[in-house]
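What the coordinates show
Chain residues, written in single-letter form:
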Amino acid sequence: GAVVSQHPSWVICKSGTSVKIECRSLDFQATTMFWYRQFPKQSLMLMATSNEGSKATYEQGVEKDKFLINHASLTLSTLTVTSAHPEDSSFYICSARVYQGVSTDTQYFGPGTRLTVL
Amino acid sequence: KQEVTQIPAALSVPEGENLVLNCSFTDSAIYNLQWFRQDPGKGLTSLLLIQSSQREQTSGRLNASLDKSSGRSTLYIAASQPGDSATYLCAPNPFGNEKLTFGTGTRLTIIP
């Protein structure tokens, strides 16, 4: 159980285009999903917290107009990188929070999406 | 702001050896702490979640300890296998907030 999928697993796009990445919880509902970015040989950095039915909360330094997040249902959150540039090339990972009590508050992570902007 | 340090950054050991990975964090006000593994180019797999009230948590050959007051956690891997080769990340979870702060990880290589 607690499987999170991401689509696509990798994408190559031209500079200036927009790219949408989907994050789905396959066998559970998640009121909260998180988006992380990981540059080569670095750790994961939280970009934003996505709550179903409300606006996402962005971390300091993350441009909300560039990284659009939509959490339209309890099983789907999307991240759209608008007007992508080469410096946006990174590994994007989502996670979904499962809370069934204080002893089981955890996040399940998707397999990640490799974005390369030419 | 929580800062997480993992030492060593990289570790190579022969198959069969026991090993310890270290994690230290600056803010001891945590709810729980998770250990993850990440294979190259892949997402994260949760290994162990240890609550702030616990001192140890075990799963198979893995044992995680937590000393919240000193801001330290260790991951002990017994009888290492080549399949254990991966990057291991620790992530303390702050009290009342589900935001995770990740360490830079320890890249583990088990030599057959």
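In what follows, the accompanying structure is described. (Residues numbered from 1 in each chain as written. Chains lettered and ligands numbered in written order. Predicted model: local features only at pLDDT ≥ 70, side-chain atom pairs only at ≥ 80, totals over all residues. Heavy atoms only, no water.)

Moving on, we get to the interface of chain A and chain B. At the interface, 23 residues of chain A touch 19 residues of chain B. Together, the buried faces of chain A and chain B total about 1600 Å²; carbon and sulfur atoms form 51% of this surface. Put simply, chain A and chain B have zero salt bridges between them. The interface formed by chain A and chain B includes three residue pairs in polar contact (both at pLDDT 80 or more). For the side of chain A that touches chain B, the secondary-structure elements that each account for two or more residues are strand E4 (32-38), strand E5 (45-51), strand E9 (90-98) and strand E10 (106-109) of chain A. Per element, the largest residue contribution to the side of chain A that touches chain B is four residues, and it comes from E4(A). (Contact = heavy atoms within 4.5 Å. Buried area = accessible area lost by both parts, 1.4 Å probe. Salt bridge = Lys/Arg side-chain N within 4 Å of Asp/Glu carboxyl O. Polar contact = N/O pair within 3.5 Å; in protein donor to acceptor, adjacent residues only side chain to side chain. Helix = DSSP H or I, 4+ residues; strand = E, 2+ residues; numbered from the N terminus.)

This brings us to the environment of B:Ile111. Residue and element names in this part refer to chain B. Take Ile 111: it is sitting in strand E10 (residues 106-111). Owing to a relative accessible area of 42%, Ile 111 belongs among the partly exposed residues under this scheme. Note: C-alpha distance between Ile 111 and Thr 58 (53 residues apart in sequence) is 24 Å. Discounting residues that sit within four places of it in the chain, Ile 111 has contacts with Ser 12, Val 13, Pro 14 and Glu 15. (Buried < 20%, exposed > 50% of the residue type's maximum accessible area, 1.4 Å probe, protein only.)

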